[in-house]
Amino acid sequence: MSYIQGMSFVIHGIGVSSGIAIGHAQLMAHAAFEVPHYDIEKNQLDAEVARFDSAMHGTRTELQGLIDKVPAGAPPEFSAFLQLHLMILNDPTLAEEPRGLIRNERCNAEWALKQQMDTLVAEFEAIEDTYLRERRADVEQVVERVLKGLLGHNHATPRSAQGESILIAHDLSPADVVHFKQERFEAFLTDVGGVTSHTAILARSLNVPAVVSLRHARELIHDRDLLIVDGELGAVIVNPDREVLAEYRLRASELQIERRKLARLRTSPAKTFDGTPIELHANIELPGDIEQVQASGATGIGLFRSEFLFLDRNGLPSEDEQFVAYRQVAEDMRGAPVVIRTLDLGADKQLTGLTQQGDNPALGLRAIRLCLAEPQLFRTQLRAILRAARFGDIRLLIPMLSGVAEMRQTFAAIDEAKASLRRDGFPFRDDILIGGMVEVPATAIMLKPFLDALDFVSVGTNDLIQYTLAIDRTDGSVSHMYDPLHPAILQLISGVLKAGARAGKPVAVCGEMAGELRLTRLLLGLGLREFSMHPANVPAVKQRVLQTDLREAEALARRILNTTEPDRAAALLERLNA
Ligand code: PEP
Ligand code: MG
């Protein structure tokens, strides 16, 4: 939704990471066609055109090679399809026009090709004939092939931040976000995405404002437009006037002052007003996040999403590479607990080429299911974790457990990894604690056998909500249904906490709910004593914990738990937070 205010207008999406950013727009091309854009010196233009020609030639040879290798029995469409691609490639609109663009605009070959592709695609879209219109995808595929040749690798590298930039993309893959951890963007905006998609979580982990599900941001905003991003409201103000800009500058500096005040709580122990100690741990994606954890005052790592070591790279990290990364985190945390979650790949975090993606990836071969199906991959990680566990208080956490047999298979895989280390003469920690994530409703409903066998559990509310309410967490169109206060969710969380207390086993919450300030008292009242969240949330949550009277929180939490009326629950929550 947008409305025009003279030159200035506002676009609304879903705010997934709060804060205010002011900067200039930097548009990122559609993920599949992310191409660099840079100027070419006049005396380098001939070389750039030659680079373009050589990539075209390479693609021609590549396509011809494929045509020559089509087996005799292959369906005739196969060859026809490749011939069509060769025809598109040889058409002067692709083979000639970009050469002119390189010279006239003095831009790099990739950018010229991309511009030409956009022009062609727009022409195709205007065609009435369905068959011809659908050839648009063929043009895109051909261009992608040439781009890969030009870029010299198989995946697109996003542009670097230039000055105070706000990145605008159609979507960001988790791998893109890993890349952006090294870049300094002031904010992230995407056209698609849901509130607990990994992209949103990662945007939060970059600690900058982010708004997703803006739908047409990439069409409405131009490169270098001045933008204000209000992550709290989920609003983007494009080309703001002077008064609005001044007002937001003031709010941004107020927010900074507030943040500095909260930072003073870093070393105070987290305990409720009446003295009950509470653990506030941090969620991390990469070893480099530790610095932020230490600055936040978190007293441990409650969730290390280890799969991020596997993204944004070619090939898998070896056992030794993983060992070094895990040991580094353990040592940096100086004896504080570090919960390493074993690989949660699949769904929206894909490793190219590892396994076939199912039609419904969130319900498919994901997390522990994928690890049990890929024993070599799992064993390598388990061995690295077991070896690193000697250097600190490392614990194992198994994602997405849904059945007892699966849990036993996992224990067997851990035993097998230990036996192989013994055989190979590597020292490791035999008595490592093993926990399981409660993310599948079946596990939450029938927790006893899991609690009996595991040392601890951690509730992954992002997936628990996704699977209980049947809402795809990456789908912006159902984001409004993401409701941590849904009575079914609160019943499940409360049930897990009670079952944990009965079994004498620790229960943590490490989903986004744990870092939501409006839910801190409710969770305390339901019995939660261990929170794990993004480090940026730790100071504010600690302040809320310090100001909470546990008895009052318990009484109101009980009443919220007993209502099925959303308005009533909201009113009670407001009272609880007053
Ligand atoms: C969760 O599902 O709540 C969780 C913490 O895991 P992730 O967000 O990585 O799926
Ligand atoms: Mg999860």
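For the structure itself, consult the block above.
In short, a report on the structure. (Residues numbered from 1 in each chain as written. Chains lettered and ligands numbered in written order. Predicted model: local features only at pLDDT ≥ 70, side-chain atom pairs only at ≥ 80, totals over all residues. Heavy atoms only, no water.)

## What to know about the coordination of the magnesium ion (ligand 2)
Only Glu439 (OE) and Asp463 (OD) from the protein reach the magnesium ion (ligand 2) as donors, at distances of 2.0 Å. On the criterion of sequence distance, the pair formed by Glu439 in the loop between strand 14 (434-438) and helix 17 (441-445) and Asp463 in helix 19 (residues 461-469) is long-range, its members being 24 residues apart. Of the two residues, Glu439 and Asp463, both sit in the buried class. (Donors = N, O, S within 2.8 Å, 3.2 Å for Na, K, Ca; no water. Helix = DSSP H or I, 4+ residues; strand = E, 2+ residues; numbered from the N terminus. Buried < 20%, exposed > 50% of the residue type's maximum accessible area, 1.4 Å probe, protein only.)

## Quick look at the packing of helix 13 (residues 319-332) against helix 15 (residues 375-388)
At their nearest, the axes of helix 13 and helix 15 sit 8 Å apart, and the two run at 40 degrees to each other. In terms of orientation, helix 13 lies oblique with respect to helix 15. Between helix 13 and helix 15 lies a crossing of right-handed hand. Contact residues: helix 13 offers Glu319, Asp320, Gln322, Phe323, Tyr326 and Arg327, while helix 15 offers Thr380, Gln381, Arg383, Ala384, Ile385, Arg387 and Ala388. Of the residues contributing to the contact of helix 13 with helix 15, the split by class is five nonpolar, three polar and five charged. (Axes fitted to C-alpha atoms, helices over the stretch in contact; angles between N-to-C directions. Parallel < 35°, antiparallel > 145°, perpendicular 65-115°, else oblique. Left-handed = near helix turned anticlockwise from the far one by under 90°. Contact = heavy atoms within 4.5 Å. Nonpolar A, V, L, I, M, F, W, Y, C, P; charged D, E, K, R; others polar.)

## Here we look at the nonpolar core
In this structure, Phe188, Ile301, Tyr326, Ile394, Leu522 and Phe531 are the most contacted members of the largest nonpolar core, which totals 113 residues. What Phe188 contacts, discounting residues up to four positions off in sequence, is Leu167, Leu172, Phe180, Leu206, Val208, Pro209, Ala210 and Val211. Judged by nonpolar contacts, the second largest core, of 32 residues, contains Leu63, Leu94, Phe124 and Val146. (Core = buried A, V, L, I, M, F, W, Y, C linked by side-chain atoms within 4.5 Å.)

## Quick word on the site of ligand 1
In the neighbourhood of ligand 1, 17 residues make up the surrounding shell, with Arg305, Arg341, Glu439, Asn462 and Arg473 lying closest. Note that an oxygen atom of ligand 1 is positioned 3.3 Å from one of the side-chain N or O atoms of Arg366. Between ligand 1 and Gly460 there is a distance of 3.4 Å, counted from an oxygen atom to a backbone nitrogen or oxygen. For ligand 1, the protein covers 100% of the area, taking 290 Å² as the surface of the free molecule. Looking at the shell around ligand 1, the elements that each hand over two or more residues are helix 9 (198-205), strand 11 (301-305) and helix 19. Considering every element that reaches the shell around ligand 1, the biggest residue donor is helix 19, with three residues. Each residue belonging to the shell around ligand 1 can be placed in one class, and the counts come to four nonpolar, five polar and eight charged. (Near = heavy atom within 4 Å. Polar contact = N/O pair within 3.5 Å; in protein donor to acceptor, adjacent residues only side chain to side chain. Areas by Shrake-Rupley, 256 points an atom, 1.4 Å probe, with all protein chains shown as cover.)

## So, the side chain of His85
For His85, the position within the fold is in helix 2 (residues 76-90). Once you skip the residues sitting within four places of it in the chain, His85 turns out to touch Leu63, Asp138, Gln141 and Val142.

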